[in-house]
Amino acid sequence: MKNWFYMIVNNFFGFKNLLKYSIPLNLRKCKYQKVENITSKKVYEQFFKFRFHPMSRPRLLLLSSSVVHGYGFLEYAAADINTFLNKNRVSTVLFIPYAAVDHDAYLAKVSPTFSKWGYQVEGIHKDDPIEAVKRAETIFIGGGNTFLLLKTLHDLNLIRVIRQRVLDDGVPYIGSSAGTNVSAPAIHNTNDMPIVFPSSFEALNLIPFNINPHYVDSDPNSTHKGETREERILQYHSLPSRYPVYNVLALREGSTLYVDGQNAILKGINKARLFLRGKAPQEIDVGTDLSQLFAYTLKSELQSMQL
């Protein structure tokens, strides 16, 4: 299908003023559900390079955090994780601990929890990273420092291979905190300190919107006068159009986003907050269908790519 689109454009590109490149963005097998017009060859090529994934059906479970008050490690999400893994019939989890400094200690923390549920855990740092991803049945990226995680993923050339395995091969992906941050197009909305400098803020781009894990509501009784989390996200949305700006799903502690293809639903034990650029923030209840986020983001992505 992709080659067919290229053939049409390449044959008719001389008639730029007469032809708009109408791309059917979801003919049952494609990621989006409506037709957009792309009037620039460069934009067209960028769009297919980064956004078009025929027959892709990402299966994602994106947690705000691994630990919530009153629960053990991953305990609040145990039912969702087990349902997710059982549904996808996997037995081994490839754990990526790059958001932490001590990879062995992090693996030792994660392994007992998954072993208790009947799953084997392999640490990516114990093997050739790219080959480990190519063999993975499922991928789990844990929390920690998002900047450290993203830098390591870029340095080890893992961005593309993870993205291909998830989007093209349908490998299930679990993210927690920093691991959820990097599932987005970029890490603009992380709360972490930039302790290292990644080569780019561009992340795995498994979903077409950003996520802000650990979202905290402002306390009206607090004497703290600094910016609230809401104010920071709204400032991000006020950037000029020359900057890449995405919608933001803010996950409070204990909230989880489940994605199956274009279908998305909020799970977990807490509400989320949705920031659509140019609109007032919305409260999202557990169980809410968030599939519309995939359609909301497309038009703004195309507009941001226009030169």
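Residues numbered from 1 in each chain as written. Predicted model: local features only at pLDDT ≥ 70, side-chain atom pairs only at ≥ 80, totals over all residues. Heavy atoms only, no water.

K.L.:
What is the right way to read the side chain of S65 from this model?
P.N.:
Tracing the backbone shows S65 in the loop between strand 3 (59-63) and helix 3 (78-87). Taking the relative accessible area as the measure of exposure, S65 reaches 2% and is therefore buried. Within the structure, S65 has its side chain in polar contact with the backbone oxygen of V67 (distance 3.3 Å). Excluding residues within four positions of it along the chain, S65 makes contact with Y76, S176, S177, H214, E253 and G254. (Helix = DSSP H or I, 4+ residues; strand = E, 2+ residues; numbered from the N terminus. Buried < 20%, exposed > 50% of the residue type's maximum accessible area, 1.4 Å probe, protein only. Polar contact = N/O pair within 3.5 Å; in protein donor to acceptor, adjacent residues only side chain to side chain. Contact = heavy atoms within 4.5 Å.)

K.L.:
Would you mind showing me how to read the nonpolar core here?
P.N.:
Inside soluble globular proteins, nonpolar side chains tend to come together where they are buried. Ranked by internal contacts, the top residues of the largest apolar core, which has 46 residues, are I139, L153, I162, Y173, V182, L249 and L257. In this structure, L257 is in contact with L60, L61, L62, F209, I211, L249, A264, I265 and L290, ignoring residues within four places of it in sequence. Ranked by size, the runner-up nonpolar core spans 24 residues in total, among them L63, L74, Y106 and Y258. (Core = buried A, V, L, I, M, F, W, Y, C linked by side-chain atoms within 4.5 Å.)

K.L.:
Just to check I follow, could you spell out helix 6 (residues 146-155) for this structure?
P.N.:
Given 3.6 residues to a turn, an α-helix orients residues that are three or four positions apart in the same direction. Of all 10 residues in helix 6, 8 are buried; the element is thus mostly enclosed. Every buried residue of helix 6 is accounted for by T146, F147, L148, L149, L150, T152, L153 and H154. The elements touched by buried residues of helix 6 are strand 4 (92-96), strand 6 (139-141), helix 7 (159-167) and helix 8 (178-181). Taking the backbone nitrogen of F147 as reference, a side-chain oxygen 3.0 Å away marks N145 as the first, capping residue of helix 6.

K.L.:
I'm lost on the pattern of salt bridges in this one. Help?
P.N.:
If charged atoms from side chains of opposite charge come close, those side chains can pair. For the structure shown, the criterion picks out 12 salt bridges. The salt bridge partner of K126 is D104, with a shortest N-O separation of 3.0 Å. Of this pair, K126 sits in the loop between strand 5 (120-123) and helix 5 (129-135) while D104 is found in helix 4 (residues 103-116), placing the two residues 22 residues apart along the sequence. Put simply, D217, E230, R252, R273 and E283 are held in one network by salt bridges that share partners. (Salt bridge = Lys/Arg side-chain N within 4 Å of Asp/Glu carboxyl O.)

K.L.:
Is there a simple way to think about the packing of aromatic side chains in this case?
P.N.:
Each aromatic ring pair is summarised here by two numbers: the centre-to-centre distance and the angle between the ring planes. Enumeration over the complete set of coordinates arrives at 9 aromatic pairs. Here F147 and F201 contribute two aromatic rings whose centre-to-centre distance is 5.9 Å and whose plane-to-plane angle is 70 degrees, an arrangement assigned as edge-to-face. Highlighted residues: F147 in helix 6 and F201 in the loop between helix 8 and strand 8 (210-215), separated in sequence by 54 residues. The partly exposed category is assigned to F201, whose relative accessible area is 36%. Relative to F294, the ring of F209 has its centre 5.9 Å away and its plane inclined at 80 degrees; by these criteria the two rings are edge-to-face. Placement of F209 in the loop between helix 8 and strand 8 and of F294 in helix 10 (residues 292-305) is noted, with a sequence separation of 85 residues between them. (Phe/Tyr/Trp six-rings, centres within 6.5 Å; stacked < 30°, edge-to-face > 60°.)

K.L.:
Is there a simple way to explain the sheet that holds strand 13 (residues 282-284) in this structure?
P.N.:
Whether parallel or antiparallel, the strands of a sheet pair through hydrogen bonds between backbone atoms. Here 4 strands make up an open sheet; going across it, the order is 8-9-12-13 and the pairing mixed. At either end of the open sheet lies a strand with only one pairing partner, and these are strand 8 and strand 13. Recorded for the sheet is a direction-independent mean angle of 25 degrees between the axes of neighbouring strands. Pairing analysis gives 3 bridges linking strand 12 (residues 272-275) to strand 13, with the strands arranged antiparallel. Bridge pairing in strand 13 places L274 opposite Q282. Against the sheet, helix 9 (residues 229-237) engages strand 8, strand 9 (248-252) and strand 12, with an angle of about 165 degrees to strand 8. (Pairing = 2+ DSSP bridges. Axes fitted to C-alpha atoms, helices over the stretch in contact; angles between N-to-C directions.)

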